[in-house]
Amino acid sequence: MTSRYDAIIIGGGHNGLVTAAYLARGGKKTLVLERRRVLGGAAVTEEVFPGFRFSVCSYVVSLLRPEIIRELELARHGLEILPLDGTFTPMPDGDYLWRVNDHAETRRELSRHSRRDAEAYEEYSRAMVDMGRFVKPILGMTPFDPTSCDPRSLMQLLSLGKRFRALPRCSQQLQVQLATMSAADFLDQWFETDVLKATMAASGVTGTFLGVRSPGTAYVLLHHYMGEIDGAFRSWGLPRGGTGAISNAIASAAREAGAEIRTGAPVAKVLLNRGRTSGVLLENGDSVFANIVASSVDPRLTFFKMVGKEHLPDDFVEDVSRYKLRGSSGKVNLALDALPNFTSLPGAGPHLRGGLTISPSVDYMERAYDDAKYGKYSRHPYIDMVIPTLSDPSMAPPGKHVLSCFVQYAPYHLRSGTWDDQRERFGDSVVDTIAEYAPNLKDIILHRQVLTPLDLEREFGLTEGNIFQGELTLEQLFFLRPVPGWARYRTPVRGLYLCGSSTHPGGGIMGASGRNAAQRILRRWRLPGT
Amino acid sequence: MEASGHVRSIVKSYDAIIIGGGHNGLVAAFYLAKAGVRVLVLERRDRVGGAAVTDDLYPGFRCPTLAHAAGPLHPTVARDLALHRHGVRLTEPDPRLFAPQPDGRALVLHTETTRAAASIGAFSKHDSEQYVAFSECLEKIGGAFRDFLWRTPPSTENPTANDVWQLLKAARRFRGLGKRNGFRLLRWLAMPVADLVAEWFETDALQAIVSARGIYGMNLGPKSAGSGMALLLQQALGGHVLATAASAKGGLGAFSKGLAAAAGAAGAEIRTGTEVARVDVQRGSTTGVVLSDGTTIAARLIVSGADPKRTFLNLVAASDLDPSFVTAIQRYRASGTMAKINLALDALPEFTALASATATERTAALGGRIHIGPDVDYLERAFDASKYGGYSEHPYLDVTIPTIADPTLAPDGQHVMSICAQFAPYHLRNEKWPAARRGLGDRVIRALAAYAPRLEDRILHRQILTPVDLETTYGLTGGHIFHGEHALDQFFTMRPVLGWAQYRTPIAGLYLCGAGTHPGGGITGACGFNASREILRDLRKASGSRRTQG
């Protein structure tokens with residue numbers, strides 16, 4: 001069976017689908033090829049245990065670009081985001097920190113810990129929103145090449161410099177600090193409450209193999225702060241029906257625009273013809289032809305498995321092999337008979353409806369990292385949890401619940417043993433850790449799914465289990481993402497593009513990579529000879 | 001300007017007072033005096049040199065108490081100060097570095113790249129080849145911004161034509177690196193040095209040696225991002241992949257004395273044992289300084305070689321500064337992690353790795369820097385302790401034996417050993433510093449004894465300087481040897497704080513010339529040189545406008 005398209009998208013994750021939707025809307029005959037039977041990549045909902053539906057990997061949404069929601073009319077395609085109110089952090093001494101979206105409420109709660117921090121929180125929130133405003137337009141930008149003398153690159157560089165200079169001096173300083181400091185040092189400047197700093201710093205290391213005290217982590221803090229739902233900064237939500245519902249809505253928009261989507265269609269090779277792509281070869285032996293192939297899978301898979309090192313320049317191969325994909329997190333999904341009961345705030349109160357995190361102190365976070373640095377999973381990990389069934393009861397049988405636990409650190413490369421023999425022990429350590437704060441947990445677990453970085457790689461095609469398809473560290477951001485010189489969604493293979501999280505601006509259910517790539521591709525189309 | 005000391009001592013009026021007779025203060029003093037400014041340098045201690053001094057360690061033993069390697073000075077500065085005329089003899093040891101390994105072997109690295117590569121060949125052929133490529137590449141990249149260390153960072157708010165010109169020149173140099181190295185520079189600035197060395201080398205020993213330069217004096221481990229930038233800065237300053245190892249005959253104190261002599265010959269007056277208590281400010285301008293004995297000395301210009309925290313939080317009244325500036329200075333990170341241990345030894349320590357070497361070979365091998373820290377994880381674990389307020393169980397050590405280059409520092413056949421030990425954080429959590437001093441010393445000796453087993457028996461005397469001692473004795477706030485962390489957000493236009501990186505301060509007439517300014521720490525004199533250029537520029541502008549008014 002052979003067939004011809006204008007563009008083929010490898011991978012039906014949310015970014016691949018976004019690219020497909022935009023290309024189809026641009027009038028291109030587009031085909032999406034997804035290896036698994038379900039769409040969504042890491043944004044997927046699956047009924048893992050009868051009656052229990054899990055957002056298996058990615059579990060909350062906030063970064064999804066509003067322009068994508070608007071342009072693709074995702075609401076009409078069934079996307080509904082339920083607010084996730086607040087973050088609850090239990091502490092070992094029996095106290096807790098519970099921040100909610102209501103500002104006055106959070107202030108009161110913070111004053112309980114430190115009056116000074118309550119004041120600083122106002123100032124901090126304002127500053128972060130300002131910083132977010134500065135960075136936001138950069139998310140939609142195609143990175144320029146700082147080493148090139150191309151006038152367009154220079155113009156972009158200059159306009160960025162101009163915008164930076166237009167910032168007040170204190171914001172300039174903050175911006176640089178955000179880009180370069182450690183999350184812990186950055187937060188130290190504002191706050192004294194340990195648990196507050198730890199919980200905030202946690203988002204600075206999510207998905208990254210760095211500790212909260214390592215420079216560069218402050219940026220990831222902002223990356224997560226920029227989440228925007230209905231125009232409100234720093235609000236997180238749960239899609240009704242799990243994160244798979246986002247993928248389905250985007251897929252529906254893509255199909256409506258004319259894109260074709262095939263699941264259960266793993267791509268084996270990118271077809272090459274004299275240095276340019278001519279389509280793909282499926283694992284079942286079928287070939288599909290197109291002059292444009294956009295890969296939403298990570299660069300390691302794209303270039304080393306599907307293209308082949310021998311077809312690529314040496315420097316490029318070296319750079320791709322240096323691209324850091326070290327996975328640092330795992331996921332534990334629990335099917336529960338009842339709600340967990342936290343010692344520090346007993347009962348099924350509204351605190352359970354928001355995020356629940358185990359991040360009691362900066363030292364706790366740092367020690368969790370120390371274990372991982374030397375090739376072990378954290379004995380006491382940082383855990384970020386949600387109970388989606390409280391907002392969306394359809395995810396479990398009546399009266400039952402789902403507890404979704406993001407766990408860090410779980411290094412892909414274990415120094416001793418393999419993930420296959422340590423999976424359940426890893427799961428135990430997660431349950432034990434949570435049970436220290438919610439002792440009834442062990443009695444209410446009906447089923448448990450443990451995903452190690454190795455599982456994320458095998459099941460979801462995330463090389464080394466990295467949830468962002470490459471760490472969000474300074475040397476892998478913007479014009480350095482994924483590799484120096486190839487940050488503009490193009491690759492050394494003509495006609496082959498990248499459109500996944502491994503490109504600027506990076507991971508999270510954001511869709512920006514997919515949209516930026518689609519725009520680049522559509523622009524190339526207008527030029528002759530491509 | 002050729003006035004004798006006697007004549008100058010009755011001159012009671014000065015144009016400029018330099019607070020602190022450290023090497024940067026002395027370099028600034030030299031250039032100001034040379035331009036005809038009447039300069040007075042006030043040093044709190046009884047000797048000049050700041051962190052570059054030679055002190056008595058034990059009867060008959062003298063030692064570079066704190067810093068143990070200097071330079072390189074900028075060729076222009078070296079020429080202008082003509083230090084050799086003032087008795088300064090810098091020697092570069094060769095071999096430059098000795099790194100004993102736990103398996104009893106050692107890397108002995110010569111200055112010359114190919115010779116070093118040959119020694120590395122015994123460990124790994126791959127690394128031997130890579131070493132040559134790496135040192136070339138690092139020098140190309142580090143060298144590309146060497147020049148810019150000797151320039152004043154541009155104004156971010158009102159760049160002058162010259163700022164723009166310098167920026168364009170920098171951009172040209174950056175492009176001159178080519179695409180590959182240009183991107184390397186950008187990546188390396190942001191990377192953990194551990195990742196950087198892993199891209200080049202396979203042997204633990206070499207990875208650790210290069211990584212160590214990224215954490216030297218810093219509050220970072222090799223796995224912390226930002227240590228790559230520290231390595232590049234060291235390279236730009238030092239110009240060699242294995243760090244500077246130059247020592248002075250007579251210890252670094254002799255080097256500082258040479259600087260003082262050069263400044264004195266240019267007309268600067270230097271008073272030791274004179275502590276400045278505060279800087280007098282009236283209506284936003286400096287009028288002079290008040291000494292701790294209450295004496296006031298008037299001068300229009302006050303140039304502080306002290307670190308930014310000391311200058312703005314101790315010497316200047318908070319009421320004379322904008323609160324947001326004070327906050328920025330308070331936030332400036334200067335928490336030291338280094339301790340200094342000096343030993344008087346009755347013989348050269350016997351390193352296991354040199355057991356079969358001849359006496360000459362042994363002496364030669366130990367003449368440069370001795371690196372203790374066999375692998376990246378060792379260095380990282382040493383750092384881990386400091387994160388939780390403890391000092392390393394197994395510290396990273398940078399050691400020299402100054403008596404090899406200059407036997408006069410100790411009685412015949414005996415030696416002094418100078419050890420920089422990391423990590424010893426300024427803030428201890430479960431102990432207090434003076435009390436923990438002995439424990440720290442024991443761990444350092446133990447770490448060394450792992451490679452030189454009979455070291456303990458050789459020790460006649462040990463001196464242990466904790467970060468708190470560095471603060472009290474040398475005036476380094478927080479015990480930070482670089483007057484503040486070399487971090488991307490405290491670098492270039494942001495050192496010490498954004499908007500005040502041009503050696504000027506919010507107080508008219510008050511300048512900074514210490515390592516808390518661009519380009520930071522290291523005994524290179526760059527801060528003092530740059531500061532004096534800015535001060536002279538302001539003076540010319542002022543006299544220019546006076547002339548036009550007249």
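Residues numbered from 1 in each chain as written. Chains lettered and ligands numbered in written order. Predicted model: local features only at pLDDT ≥ 70, side-chain atom pairs only at ≥ 80, totals over all residues. Heavy atoms only, no water.

Let's shift gears to the overall build of chain B. Check the secondary structure of chain B and you find 21 helices and 19 strands. Computed over C-alpha atoms, the radius of gyration of chain B comes to 23 Å, within 12% of the 24 Å expected from 2.2 N^0.38 for 550 residues, which places it in the range of a compact globule. By the burial criterion, 62% of the 550 residues in chain B qualify as buried. Nonlocal contacts in chain B, meaning residues at least 24 apart in sequence, comprise 73% of its contacts between residues at least 6 apart. Summed over all atoms, the accessible surface of chain B reaches about 20,000 Å², with 53% contributed by carbon and sulfur. Taken together, the 60 basic and 50 acidic charged side chains of chain B have centroids lying 7 Å from each other. (Helix = DSSP H or I, 4+ residues; strand = E, 2+ residues; numbered from the N terminus. Rg over C-alpha atoms; globule rule 2.2 N^0.38 Å. Buried < 20%, exposed > 50% of the residue type's maximum accessible area, 1.4 Å probe, protein only. Contact = heavy atoms within 4.5 Å. Areas by Shrake-Rupley, 256 points an atom, 1.4 Å probe, with all protein chains shown as cover. Lys, Arg positive; Asp, Glu negative; His and termini not counted. Charge placed at Lys NZ, Arg CZ, Asp CG, Glu CD.)

Each helix and strand in chain A was counted, giving 17 helices and 20 strands. A globule of 530 residues ought to have a C-alpha radius of gyration of about 24 Å, and chain A, at 22 Å, matches this closely. With the C-alpha coordinates aligned to their principal axes, the bounding extent of chain A is approximately 65 × 55 × 50 Å. For chain A, buried positions account for 66% of its 530 residues. In chain A, 71% of the contacts between residues at least 6 apart in sequence involve partners at least 24 apart. If you sum the accessible surface of chain A, you get close to 18,800 Å²; carbon and sulfur atoms cover 51% of it. Charge separation in chain A, taken as the distance between the mean sites of 62 positive and 57 negative side-chain charges, equals 7 Å.

Moving on: the interface of chain A and chain B. Taken together, the 40 residues of chain A in the interface contact 36 residues of chain B. A buried area of about 3,800 Å², summed over both sides, lies between chain A and chain B, and 49% of it is on carbon and sulfur atoms. Our count for the contact surface shared by chain A and chain B stands at 14 salt bridges. Here A:Arg415 makes a salt bridge to B:Asp377, at a shortest N to O gap of 2.7 Å. Connecting chain A to chain B are 28 residue pairs in polar contact (both at pLDDT 80 or more). Classifying every residue of the side of chain A that touches chain B gives 13 nonpolar, 9 polar and 18 charged. (Buried area = accessible area lost by both parts, 1.4 Å probe. Salt bridge = Lys/Arg side-chain N within 4 Å of Asp/Glu carboxyl O. Polar contact = N/O pair within 3.5 Å; in protein donor to acceptor, adjacent residues only side chain to side chain. Nonpolar A, V, L, I, M, F, W, Y, C, P; charged D, E, K, R; others polar.)

A few words now on the sheet that holds strand S12 (residues 296–298) of chain B. Residue and element names in this part refer to chain B. Read from one edge of the open sheet, 3 strands run S10-S11-S12, paired in antiparallel fashion. Both outer strands of the open sheet, strand S10 (276–282) and S12, are each paired with one neighbouring strand and no more. For this sheet, the mean angle separating the axes of adjacent strands, direction not counted, is 30 degrees. In this structure, strand S11 (residues 285–291) lies alongside S12, joined through 3 bridges in antiparallel fashion. (Pairing = 2+ DSSP bridges. Axes fitted to C-alpha atoms, helices over the stretch in contact; angles between N-to-C directions.)

This part takes up the domain arrangement of chain B. Residues and elements named next belong to chain B. Partitioning chain B into domains gives domain 1 (14–44 + 273–333 + 480–549), domain 2 (112–238) and domain 3 (335–472). Using only C-alpha atoms to locate each centre, domain 1 and domain 2 end up separated by 30 Å. Taking both partners together, domain 1 and domain 2 bury about 2,100 Å²; carbon and sulfur atoms supply 69% of that area. On the surface where domain 1 and domain 2 come into contact, there are 0 salt bridges. At the junction of domain 1 with domain 2, the criterion picks out 9 residue pairs in polar contact (both at pLDDT 80 or more). Its residues assigned to classes, the side of domain 1 that touches domain 2 comprises 12 nonpolar, 9 polar and 4 charged. (Domains from an automatic or database assignment.)

In a regular helix each residue adds 1.5 Å, so 12 residues correspond to 16 Å; helix H13 (residues 362–373) of chain A covers 16 Å between its end C-alpha atoms and thus fits that length. Of all the 12 residues making up H13(A), 11 are buried; the element is thus mostly covered by neighbouring parts of the structure. Inspection of H13(A) places A:Val362, A:Asp363, A:Tyr364, A:Met365, A:Glu366, A:Ala368, A:Tyr369, A:Asp370, A:Asp371, A:Ala372 and A:Lys373 among the buried residues, and these make up the whole buried set. Elements that come into contact with the buried residues of H13(A) comprise helix H7 (183–188), helix H8 (194–205), strand S16 (355–358), strand S17 (382–386) and helix H14 (419–435) of chain A together with helix H16 (376–387) of chain B. Just downstream of H13(A) lies A:Gly375, where phi reads positive at about 80 degrees. (Expected span 1.5 Å × (residues − 1).)

Remark: H13(A) packs on H16(B), axes separated minimally by 11 Å, with the N-to-C direction vectors making an angle of 170 degrees. Taken as axis vectors, H13(A) and H16(B) run roughly antiparallel relative to one another. Touching A:Asp363, A:Glu366, A:Asp370 and A:Lys373 of H13(A) are B:Glu380, B:Asp384 and B:Lys387, all from H16(B). Its residues assigned to classes, the contact of H13(A) with H16(B) shows no nonpolar, no polar and 7 charged. (Parallel < 35°, antiparallel > 145°, perpendicular 65-115°, else oblique.)

What follows concerns the pattern of salt bridges. What the rule picks out here adds up to 74 salt bridges over all chains. Residues joined in a network through salt bridges with shared partners are A:Asp315, A:Glu318, A:Asp319, A:Arg322, B:Arg180, B:Arg187 and B:Glu199.

Let us look at the packing of H8(A) against helix H9 (residues 217–225) of chain A. All names here are of chain A. Two numbers describe how H8 lies on H9: the axes approach to 6 Å, and their chain directions differ by 95 degrees. When the axis of H8 is compared with that of H9, the two are roughly perpendicular. For the pair formed by H8 and H9, the contact residues are Met 200, Ala 201, Ser 203, Gly 204 and Val 205 on the first element and Thr 217, Val 220, Leu 221 and His 224 on the second.

Residue and element names in this part refer to chain B. With respect to the element layout, Ser 124 can be found in the loop between helix H4 (113–121) and helix H5 (125–144). Reaching out from Ser 124, the side chain makes a polar contact with the side chain of Glu 202 at a distance of 2.7 Å. With sequence-adjacent residues up to four places away left out, Ser 124 is seen in contact with Glu 202 and Thr 203.

Right, let's get into empty space enclosed by the protein. It is the rolling of a water-molecule-sized probe over the atoms that shows where space remains empty. Residues and elements named next belong to chain B. Summed over all chains, the structure comprises 7 cavities of 30 Å³ or more. Of all the elements in the fold, those that place two or more residues in the lining of the largest cavity are strand S8 (247–248) and helix H17 (402–405). Tallied by class, residues from the lining of the largest cavity come to 10 nonpolar, 6 polar and 2 charged. (1 Å grid on protein atoms, 1.4 Å probe; cavity = no way out; pocket = protein on both sides within 12 Å on 5 of 7 lines; lining within 4 Å. Points joined across faces, edges and corners; volume = space filled by probe spheres on them.)

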